[in-house]
There are 2 protein chains.
Amino acid sequence: MTAKADSGAALVRGQATISDVARHAGVSTMTVSRVLNKAPRVSPATRDSVERAIRDLNYVPNQAAKALSASRNMRKVAFLFDIPNAAVLGEMVSAGFAESIQPDVQLLFIKTNAGDDPLRALATIKDLDIRGVILSPPLCDDVRLRLILKESGARVVGIGCGDPDPAFSTIGIDDTRAVYELTSYMLKLGHRRIGLIAGHPRHQSSARRRAGYEAALLDHGIQPDPALQWEGDYTYGSAFGIAEQALALDPPPTAIFASNDDMAAAVLGVARGRGVAVPRALTVCGFDDSEVARMVTPQLTTIRQPVDAMAGWAVRQLTDELDAQARGEEAPVRKVLLDPIIIYRGSDAPPPRARKSGVAQ
Amino acid sequence: MTAKADSGAALVRGQATISDVARHAGVSTMTVSRVLNKAPRVSPATRDSVERAIRDLNYVPNQAAKALSASRNMRKVAFLFDIPNAAVLGEMVSAGFAESIQPDVQLLFIKTNAGDDPLRALATIKDLDIRGVILSPPLCDDVRLRLILKESGARVVGIGCGDPDPAFSTIGIDDTRAVYELTSYMLKLGHRRIGLIAGHPRHQSSARRRAGYEAALLDHGIQPDPALQWEGDYTYGSAFGIAEQALALDPPPTAIFASNDDMAAAVLGVARGRGVAVPRALTVCGFDDSEVARMVTPQLTTIRQPVDAMAGWAVRQLTDELDAQARGEEAPVRKVLLDPIIIYRGSDAPPPRARKSGVAQ
DNA sequence: TTGTATGCGTTATCAA
DNA sequence: TTGATAACGCATACAA
């Protein structure tokens, strides 16, 4: 009788266990377990008294014991990233991962530069016994990394990556279609000289967005003009100089699509400085619907990329696959392509009627 | 003899256990455990063979079992945040938390709006059995939340919070001194009309930074001029309009200190637009040394706030305290005040010699 | 220097 | 509908 202390001790020690609850409710631990896991065959009366005991004792299940009993390690998933844009990462964490993490899965953040040797990532994954990986751009554009990951046996889910591999589940919006629609909208507004600020040349997303822009132009009988296209790298700074060149053109474009919001914000800043009124004299549209889109004046018309929801889905999908795998089933691979949504704000308008060259000067 | 399968099974099943390793090495599990935990009394030969077995079997310790055996739950710590600035959160995750998370602590991200009922946070903490909490601004300015947290029994560590409570460990830079030094630097450069764009009025950090600005001015015999002070809210957007007002002044300030980099970037944007050359005609300094400080042109002279290192320290401090507490010892409370470091980049210069009013026009 | 035995908190199996 | 018992993988007294 020395094995178990009395039920009061647990409270003093800090944590009540399932047997404390059982004793308190006058049932066996098995019954408590059943109540906790919502098993079907429990009488309402028993259930009630157990639930009361749980509340009384402030009982919280021990995840470690739970995991151990299920004879599996703690499920660990890692988010691999190489962020040119800390704000996007912040949003993912903030709204996405924050909500979707289950109490018994552990999410690790692993920074991996695109240039790094993928073997380093592999070592980390092996050492930490990571079973699932969430991949974000531009890492998913790295062939070697994708290969290494497949060989590691880890399940992989991609966010905003297009469809790099049939074995990977993915979620993202259709960049090409999204930009196609946004560009078409600007064309319908009456714009004919629409500039493009492309993203990082080594990110596939950048190419996809450019494709949407060009397709829309062509479908409206307009030949894409190389003089109206510039190559940025998705950073605010890269678009600063570009915006100056663009607005110095004679005649200048009446609209500019920047491949993300950061770059669109830079255009706004430069336009403001040159006295070019947005949207009266210049339409500016972005991509992402990130925080900055609501921060600037006027607020940006942009394409919503729900990174928060995407991040949440990715975690859930990954744990789904891991669970299935643990049960010996075939892990389900899912591909989700979100419909593009354009968020109309204040940065777009029809082009000025009669615009003489040099007005922006 | 039905209890244990043969050692090959583990590999097939996916995970080798400590007893697989023991059998493979021809020793007891105890010995393997000693090797794993670097216990002193193990003969080199034994150690070698065990280590080889570990490699051969690709053994990875089961954290769940480890935690359970230590008769404690998985250590869970939560990062509570309410981000006006996703980029800062991104940086914390990116460089800070990413490195410092130990394999057996679980870090949760919990978004808590400053306006929220602190009781909601408490419920989450209780439900998830969270033992430690990392607090960031502006949440640490919330008296009710601090109180609730203390009552919850969770250990609390503050990042960039000043020193809100003697029981909380904290890390941060001395905002006041940092801004004092930066302002003094501008004064030494020859500036006399230095504008201030304050941060969010309800963030204590904003008041601390303003204090540093005013103290430096007074120490140089300059009376702070209310006409040169504006109240932003730490967002890019809030500073946009302010910058226009500031530059429209006659005479305009020759330097502007913005209470964070985002707002300084907005000043840069507006200046560029008005043809005000930075730094030749206008010095602009920020605070944080965040990503944006290197993105804009010219790059910002700013105060380094090493959020990455701070985040890492916070996690380690928290687990330290939790460990001590688990051992029944007094948890050590530590207060770290980092020396301010000014990062000199391209956005500062002496004031223009002869500046006539209206030049910026 | 090495090994044996037991417990950590939970769940699954089987029996009542 | 409920309960007894044996794992799950590791660490730690205690022995040898």
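Caption draft 1: Broad picture of the domain arrangement of chain A. Each assigned domain of chain A is listed here: domain 1 (2–70), domain 2 (74–173 + 306–339) and domain 3 (175–305 + 343–357). Between domain 1 of chain A and domain 3 of chain A, the C-alpha centre-to-centre distance is 60 Å.

Caption draft 2: Structural detail: the packing of helix H2 (residues 18–25) of chain A against helix H4 (residues 44–57) of chain A. All names here are of chain A. Their axes nearest at 9 Å, the elements H2 and H4 cross at an angle of 125°. By the angle between their axes, H2 is oblique relative to H4. Relative to H4, the crossing made by H2 is right-handed. Residues Asp20, Val21, His24 and Ala25 of H2 form the contact with H4, whose own contacting residues are Ser49, Val50, Ala53, Ile54, Asp56 and Leu57.

Caption draft 3: The arrangement of the interface of chain A and chain B in detail. Across the boundary between the two partners, chain A contributes 46 residues, which contact 46 residues of chain B. Contributing elements (two or more residues each) for the side of chain A that touches chain B: helix H5 (63–69), helix H6 (86–100), strand E2 (105–111), helix H11 (236–248), helix H12 (261–274) and helix H13 (291–295) of chain A. No other element matches the 10 residues that H6 of chain A contributes to the side of chain A that touches chain B. Broken down by class, the residue content of the side of chain A that touches chain B amounts to 27 nonpolar, 13 polar and six charged.

Caption draft 4: Spotlight on the relation of the copies chain A and chain B. Once chain A is rotated about the relating axis by 180° and shifted along it by 0.0 Å, it coincides with chain B to within an RMSD of 0.1 Å. What we have between these two chains is a two-fold relation. In terms of proximity to the rotation axis, the leading residue of chain A is Gly273 of chain A, whose C-alpha is 0.8 Å off the axis. The residues that chain A uses at the interface reappear at the interface of chain B in 100% of cases, marking a shared surface.

Caption draft 5: Seen up close, the sheet that holds strand E2 (residues 105–111) of chain B. Residues and elements named next belong to chain B. The strand order across the open sheet formed by six strands is E2-E1-E3-E4-E5-E11, and the pairing between neighbours is parallel. Two strands bound the open sheet, and with one partner strand each, they are E2 and strand E11 (335–338). The sheet shows a mean angle of 15° between the axes of neighbouring strands, direction not considered. Across four bridges, strand E1 (residues 75–81) lies against strand E3 (residues 132–135) in parallel orientation. Within E3, the residue paired with Ala78 across the bridge is Val133. Most of the contacts of helix H14 (residues 307–326) go to strand E4 (residues 155–159), to which it runs at about 165°, and overall it touches E1, E2, E3, E4, strand E5 (169–173) and E11.

Caption draft 6: Geometry of the protein's contact with DNA strand C. Around DNA strand C, the structure places 27 residues, and the nearest of them are Ile18, Ser33, Asn62 and Ser69 of chain A together with Arg41 of chain B. Elements supplying a minimum of two residues to the surface near DNA strand C: H2, helix H3 (29–36) and H5 of chain A together with helix H3 (29–36) and helix H5 (63–69) of chain B. Of the residues in the surface near DNA strand C, the class split is 12 nonpolar, 13 polar and two charged.

Caption draft 7: Molecular detail of the pairing of E5 of chain B. Residue and element names in this part refer to chain B. Across the five residues that make up E5, a large majority, five, are buried. By the bridge criterion, three bridges tie E4 to E5 in an arrangement that is parallel. Paired with Gly158 across the two strands is Thr170, which belongs to E5. Strand direction decides the pairing type here: E5 and E11, joined by four bridges, are parallel. Across the sheet, the residue bridging to Ile171 is Val336, located in E11.

Caption draft 8: Spatial organisation of the protein's contact with DNA strand D. In the vicinity of DNA strand D, 27 residues are found, and the nearest of them are Arg41 and Thr46 of chain A together with Ile18, Ala65 and Ser69 of chain B. Only H3 and H5 of chain A together with H3 and H5 of chain B provide two or more residues apiece to the surface near DNA strand D. Along the lines of polarity and charge, the residues of the surface near DNA strand D split into 12 nonpolar, 13 polar and two charged.

Caption draft 9: Layout of unusual backbone geometry. The amide bond that connects Pro137 of chain A to the next residue, Pro138 of chain A, takes the cis arrangement and shows omega of 0°. Within the secondary structure, Pro138 of chain A sits in the loop between strand E3 (132–135) and helix H8 (143–152). If you check the backbone angles, Asp288 of chain A has positive phi at about 125° while not being a glycine. For Asp288 of chain A, a count of 26 C-beta atoms within 10 Å corresponds to the buried category. For Tyr234 of chain B, which is not a glycine, the phi torsion comes out positive at approximately 75°.

Caption draft 10: How the structure looks around the sheet that holds strand E7 (residues 229–231) of chain A. Residue and element names in this part refer to chain A. In spatial order, the strands read E7-E6-E8-E9; together these four strands make up an open sheet with parallel pairing. Each edge of the open sheet carries a strand with a single partner, namely E7 and strand E9 (283–285). For this sheet, the mean angle separating the axes of adjacent strands, direction not counted, is 15°. Where strand E6 (residues 194–198) meets strand E8 (residues 255–258), four bridges bridge the pair, whose relative direction is parallel.

Reading the values: the criteria
Residues numbered from 1 in each chain as written. Chains lettered and ligands numbered in written order. Predicted model: local features only at pLDDT ≥ 70, side-chain atom pairs only at ≥ 80, totals over all residues. Domains from an automatic or database assignment. Axes fitted to C-alpha atoms, helices over the stretch in contact; angles between N-to-C directions. Helix = DSSP H or I, 4+ residues; strand = E, 2+ residues; numbered from the N terminus. Parallel < 35°, antiparallel > 145°, perpendicular 65-115°, else oblique. Left-handed = near helix turned anticlockwise from the far one by under 90°. Contact = placed C-beta atoms within 7 Å. Nonpolar A, V, L, I, M, F, W, Y, C, P; charged D, E, K, R; others polar. Least-squares fit on C-alpha atoms with pLDDT ≥ 70 in both. Pairing = 2+ DSSP bridges. Near = placed C-beta within 6 Å. Buried ≥ 20, exposed ≤ 12 C-beta atoms within 10 Å, placed from the backbone.

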